[in-house]
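An overview of the molecular structure
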Amino acid sequence: MTQHTIAGNTVTMPVRIRTADQHMAMFSVDADAAQRMIDHSGLQVCRYRPGRAMVILMLMRYVDGDLGEYLEYGTNVMVNPPGSTATGLRALQSAGAYIHHLPVDQSFTLEAGRTIWGYPKVMADFTVREARQFGFDVSIGGKFAVGMEFRPGIPVPPVFTSRPQVHPTYSHLDGVTRRTEGQMRLSGVRYRFGGVRLRLGDHPYAAELASLGLPKRALVSSSAANVQMTFGEAEVIS
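Residues numbered from 1 in each chain as written. Predicted model: local features only at pLDDT ≥ 70, side-chain atom pairs only at ≥ 80, totals over all residues. Heavy atoms only, no water.

Overview of the pairing of strand β8 (residues 125-129)
Here β8 pairs with strand β9 (residues 134-140) via 5 bridges, running antiparallel. Bridge pairing in β9 links F126 to V138. (Pairing = 2+ DSSP bridges. Helix = DSSP H or I, 4+ residues; strand = E, 2+ residues; numbered from the N terminus.)

Below, the structure written as structure tokens:
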């Protein structure tokens, strides 16, 4: 059983998230622009349609887990497994999420994410709104980066969402690209076409998102009332 020492505390693998919730939106973007954004990783975007790639923007609220309670925003680009040149909708079945942005609001998970998995976590300030509809803002170093507002989706029967899902994620930090396999189980899932308003600020992260042609209408948006996850060790791939 592998262990890591983070900020004087022992983290035993695999890391477990027992309670969290998720809001996410999927966007179709220019594949060449997405490739330029992640070229440094050595990975190739999944071209699910000619000239198009998939980018997923999401907010996670971790309530009970091995890394504590925290907020996390992610910009995820769907990429092919190393060495694969697969294209088309079927290629998405084997694609993984390359995590390009990952601001968080707690120092412990920041150190753990960077040390254990090479995730590009940075400290950020979050504002979450739930009065009328769910929304959030992320600011980094005093600069507004990204904000999103979600309209409620349509409930999805648990039979379609309750099975464990295994997803690889990829990261690149300090010149090293890594692959991490995780398992996820969702409940209380809602989906809708579109359903999200994206706002970009003046932080460099916002400029990168704008280079993809964002903001624009999302293909779909979704929420999950509870997410349970496990993360294994990272594998260095280059």
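From this point on, the discussion continues.
A closer look at the pattern of salt bridges
This model, assessed by the stated rule, comprises 12 salt bridges. Note that K121 and E72 form a salt bridge whose closest N and O atoms lie 3.4 Å from each other. Of this pair, K121 sits in strand β7 (residues 121-123) while E72 sits in strand β5 (residues 70-79), placing them 49 residues apart in sequence. On the basis of relative accessibility, which here comes to 3%, the residue K121 falls in the buried class. The class of E72 is buried, set by a relative accessible area of 9%. (Salt bridge = Lys/Arg side-chain N within 4 Å of Asp/Glu carboxyl O. Buried < 20%, exposed > 50% of the residue type's maximum accessible area, 1.4 Å probe, protein only.)

Details of the side chain of S223
Along the chain, the position of S223 falls in strand β15 (residues 220-236). When sequence neighbours within four positions are dropped, the list of residues in contact with S223 reads Q22, H23, G188, V189 and R190. (Contact = heavy atoms within 4.5 Å.)

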